[in-house]
Amino acid sequence: MESTAWIVSVAVCAIAVLLLLIVRLRMQPFLALLLTSLGVGLAIGMPPEELLDFIAKAMGGTLGTVALIIGLGSMFGEMLRVSGGSERLALTLIERCRDSTVPWALGLTGFLVSIAVFIDVAIIILVPLIYGIAKRTGRSLLFYGIPLCAGLSVTHTFIPPTPGPIATASIMGADLGWVIIWGFICGLPAMAVAGPLFGKFISSRIFVPVPEFMVQGESKFDDDPNKLPGFGGVVAILVLPLVLILGNTTADLLLPEGSSLRATLMFIGNPIMALLITALLTFWFFGYRRGYSKDELQKIATRALEPAGIIILITGAGGVFGKVLIESGIGRILAENMQSLNMPLLLFAFLTSAVMRISQGSGTVAMITGASLTAPVAGMFDVSEQMTALLCIAIACGGTVCSHVNDSGFWMANRYFGMSVSDTLKSWTVMKTIVGLTGLAMCLLVSLFID
């Protein structure tokens, strides 16, 4: 067994090297995580041939479920996007709301859309839809844009089946049903505070006009809104996988062993089956029934898997990194030190993820690293299933805060809102930080009522 000082030094150096590789040397996170894992394994004395076998098994163990979920979720989201489902959701909510309630509708729109569509893609689709509203009312674009982006941010980082929460839950060994429940409970207040409330505050201090260089003419659906899918169908397909997964969790808790209903609900509510069912229904109702040919549907599905492949590899490498850290014994050491410092486990989970987020920019990498450090510590305590899922949300909160110049999302917001860097920091960065801090406050509150 390595000395405590040596193991701590290895863990600290591993984080420092990981940051150096990603931030300074601009290495692809998958390679950086893999190289760092190799370095940690060799430093703690694992024989090289055993280390390679360990990494291969850890990679396979991490991706057994995650790869299927991310792949299916990506295809489901891409089909919804190309069919105009996201536009229908936004336009219908905006049309049915008074001007004063439009920011709340936009926050809800972002919250729902980001269940299926990656946040960068969702911003590209939805932000141009609010240009016309801002021009008509004469308000700052931030009055509408901040609530929309807050909703997108919350779901993207808090609620499966997006990659960050899926990867975090996998590493932590958390039940996805509970992650969804806590994600909604902690996420909705975060969206409200960081979205409509902060949006109203910041838009009264920073006036952002619609950027002329981003206005490309009318929406392609303006000439015939009937081309869009139905609003009810879009909402139904978005919530279907969540309902099925929650049915799995509910059946496990309430129905007796051996019950045929319990077996059925747990089967169709398994995350893989839930997303498979949703993806097939999405391609049928939003694709084939709306006139897409079989070749077009195949191209849509294939295109969706291209970005998913990168995310899957990064997630797998993050799982390897976490398992190597567990093998080193750092979890026991951190647990002992946490007991002496009296630091709550939720706060530890948040801080580890937040440090990575601020340092290297990627929320997904921050969440994977935060989960990799938190999992071995949680393993040293008697942590319940509900608390494990809540730790995933705390990690997500840390992976949300302080989006700044090293985050691609920062620059996307900067361009689509046509703001200066200073105004982007005052609006986008503060909004993301409020999401994370409000979410953390909700996690701490919820923790008072669970074991």
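None of the values given here were measured: they were computed from a predicted structure.

## Brief notes about the overall build of the protein
Okay, so step 1: Helix and strand counts for the protein come out as 20 helices and 0 strands.
Okay, so step 2: Dimensions of the protein, computed from C-alpha atoms along their principal axes, come out at roughly 70 × 55 × 45 Å.
Okay, so step 3: For the protein, the share of sequence-separated contacts (at least 6 apart) that also reach a separation of at least 24 residues comes to 81%.
Okay, so step 4: For the protein, the accessible surface area stands at approximately 18,700 Å², while carbon and sulfur atoms represent 64% of it.
Okay, so step 5: Between the mean site of the 26 positive side-chain charges and the mean site of the 27 negative ones, the protein shows a separation of 10 Å.

## Brief notes about the packing of aromatic side chains
Okay, so step 1: Here the structure, examined in full by the defined rule, presents 5 aromatic pairs.
Okay, so step 2: Taking the centre distance of 5.0 Å and the plane angle of 20° together, the rings of Trp 284 and Tyr 288 count as stacked.
Okay, so step 3: When its relative accessible area of 40% is taken as the criterion, Trp 284 is described as partly exposed.
Okay, so step 4: The cationic tip of Arg 96 hangs over the ring face of Phe 231; the distance from NZ or CZ to the ring centre is 5.1 Å.
Okay, so step 5: Positioned over the ring face of Phe 143 is Arg 139, at 4.1 Å from the centre of the ring.

## Let's talk about the nonpolar core
Okay, so step 1: One finds Phe 158, Leu 390 and Met 431 to be the most contacted residues of the largest nonpolar core, which totals 148 residues.
Okay, so step 2: If we skip the residues at most four places from it in the chain, Phe 158 touches Pro 165, Val 179, Gly 183, Cys 186, Gly 187, Ile 393, Ala 396, Cys 397, Thr 400, Val 435 and Gly 439.

## Digging into helix H1 (residues 4-24)
Okay, so step 1: With 21 residues, H1 extends 29 Å between its outermost C-alpha atoms, agreeing within 8% with the 30 Å of an ideal straight helix rising 1.5 Å per residue.
Okay, so step 2: Looking at H1, one finds that the buried residues are Ile 7, Val 10, Ala 11, Ala 14, Ile 15, Leu 18, Leu 19, Leu 21 and Ile 22.
Okay, so step 3: Among the residues trailing H1, Arg 26 stands out with phi positive, at a value near 55°.

## A short note on unusual backbone geometry
Most peptide bonds are trans, and most residues other than glycine sit at a negative phi.
Okay, so step 1: Despite not being glycine, Arg 26 has its phi angle at roughly 55°, a positive value.
Okay, so step 2: The phi dihedral of Cys 402 is positive, around 55°, even though this residue is not glycine.
Okay, so step 3: Its place among the elements puts Cys 402 in the loop between helix H18 (385-398) and helix H19 (408-416).
Okay, so step 4: Judged by its relative accessible area of 26%, Cys 402 is partly exposed.

## A word on the side chain of Thr 109
Okay, so step 1: Looking at the secondary structure, you find Thr 109 in helix H5 (residues 102-113).
Okay, so step 2: With relative accessibility at 0%, the residue Thr 109 sits in the buried group.
Okay, so step 3: With near-sequence residues (within four places) excluded, Thr 109 lies in contact with Leu 89, Ala 90, Leu 93 and Leu 126.

## Quick notes on the confidence of the model for the protein
Okay, so step 1: Taken as a whole, the protein shows an average pLDDT of 84; of its residues, 92% reach a score of 70 or greater.
Okay, so step 2: Predicted confidence in the protein is weakest over helix H15 (residues 330-341), with a mean pLDDT of 65, and strongest over H18, with 96.
Okay, so step 3: A low-confidence stretch, residues 216-223 (pLDDT under 50), is modelled with 4 contacts involving residues beyond four sequence positions or located in other chains.

## Regarding the side chain of Thr 155
Okay, so step 1: Residue placement: Thr 155 occurs in helix H8 (residues 142-158).
Okay, so step 2: A polar atom in the side chain of Thr 155 sits 3.2 Å from the backbone oxygen of Gly 151.
Okay, so step 3: If sequence neighbours within four positions are ignored, Thr 155 has contacts with Gly 110, Phe 111, Ser 114, Ile 115 and Thr 162.

## Description of the pattern of salt bridges
Okay, so step 1: Under the definition given, this model contains 2 salt bridges.
Okay, so step 2: Of the charged contacts, one joins Arg 303 and Glu 78 as a salt bridge, the two residues approaching to 3.1 Å between their closest N and O atoms. Remark: Glu 78 occurs in helix H3 (residues 48-82) and Arg 303 occurs in helix H14 (residues 294-328); sequence separation between them is 225 residues.
Okay, so step 3: Here Arg 262 and Glu 257 are joined by a salt bridge, their closest N and O atoms 3.5 Å apart.
Okay, so step 4: Taking relative accessible area as the criterion, Glu 257 reaches 67% and is therefore assigned exposed.

## Details of the packing of H3 against helix H13 (residues 271-285)
Okay, so step 1: Contact geometry for H3 and H13: axes closest at 9 Å, N-to-C directions at 25°. One finds that H3 runs roughly parallel with respect to H13. Crossing of H3 against H13: the hand is left-handed. Contacts between H3 and H13 involve Thr 65, Leu 68, Ile 69, Leu 72, Gly 73, Met 75, Phe 76, Met 79 and Leu 80 from the former and Pro 271, Ile 272, Leu 275, Leu 276, Thr 278, Ala 279, Thr 282 and Phe 283 from the latter.
Okay, so step 2: Broken down by class, the residue content of the contact of H3 with H13 amounts to 13 nonpolar, 4 polar and no charged.

## Comments concerning the packing of H14 against helix H17 (residues 363-378)
Okay, so step 1: Relative to each other, H14 and H17 sit at 25°, their axes nearing to 9 Å. Comparing the axis directions of H14 and H17 gives the class roughly parallel. Where H14 crosses over H17, the handedness of that crossing is right-handed. Of H17, the residues touching H14 (which contributes Ile 314, Thr 315, Gly 318, Gly 319, Phe 321, Gly 322, Leu 325 and Ile 326) are Val 365, Ile 368, Thr 369, Ser 372, Leu 373 and Pro 376.
Okay, so step 2: Here the contact of H14 with H17 is composed, by residue class, of 8 nonpolar, 6 polar and no charged.

## Considerations on the state of the cysteines
The bond known as a disulfide is covalent and runs between the sulfur atoms of two cysteines.
Okay, so step 1: Applying the stated criterion across every chain, the model contains 0 disulfides.
Okay, so step 2: Considering cysteine sulfurs only, Cys 443 is the nearest to Cys 186, which forms no disulfide, with 3.9 Å between them.
Okay, so step 3: Free of any disulfide, Cys 392 has its nearest cysteine sulfur in Cys 443, 10.0 Å distant.

Calculation rules
- Residues numbered from 1 in each chain as written.
- Predicted model: local features only at pLDDT ≥ 70, side-chain atom pairs only at ≥ 80, totals over all residues.
- Heavy atoms only, no water.
- Helix = DSSP H or I, 4+ residues; strand = E, 2+ residues; numbered from the N terminus.
- Contact = heavy atoms within 4.5 Å.
- Areas by Shrake-Rupley, 256 points an atom, 1.4 Å probe, with all protein chains shown as cover.
- Lys, Arg positive; Asp, Glu negative; His and termini not counted.
- Charge placed at Lys NZ, Arg CZ, Asp CG, Glu CD.
- Phe/Tyr/Trp six-rings, centres within 6.5 Å; stacked < 30°, edge-to-face > 60°.
- Buried < 20%, exposed > 50% of the residue type's maximum accessible area, 1.4 Å probe, protein only.
- Lys NZ or Arg CZ within 6 Å of the ring centre and 35° of its normal.
- Core = buried A, V, L, I, M, F, W, Y, C linked by side-chain atoms within 4.5 Å.
- Expected span 1.5 Å × (residues − 1).
- pLDDT = per-residue confidence, 0-100.
- Polar contact = N/O pair within 3.5 Å; in protein donor to acceptor, adjacent residues only side chain to side chain.
- Salt bridge = Lys/Arg side-chain N within 4 Å of Asp/Glu carboxyl O.
- Axes fitted to C-alpha atoms, helices over the stretch in contact; angles between N-to-C directions.
- Parallel < 35°, antiparallel > 145°, perpendicular 65-115°, else oblique.
- Left-handed = near helix turned anticlockwise from the far one by under 90°.
- Nonpolar A, V, L, I, M, F, W, Y, C, P; charged D, E, K, R; others polar.
- Disulfide = S-S within 2.5 Å.

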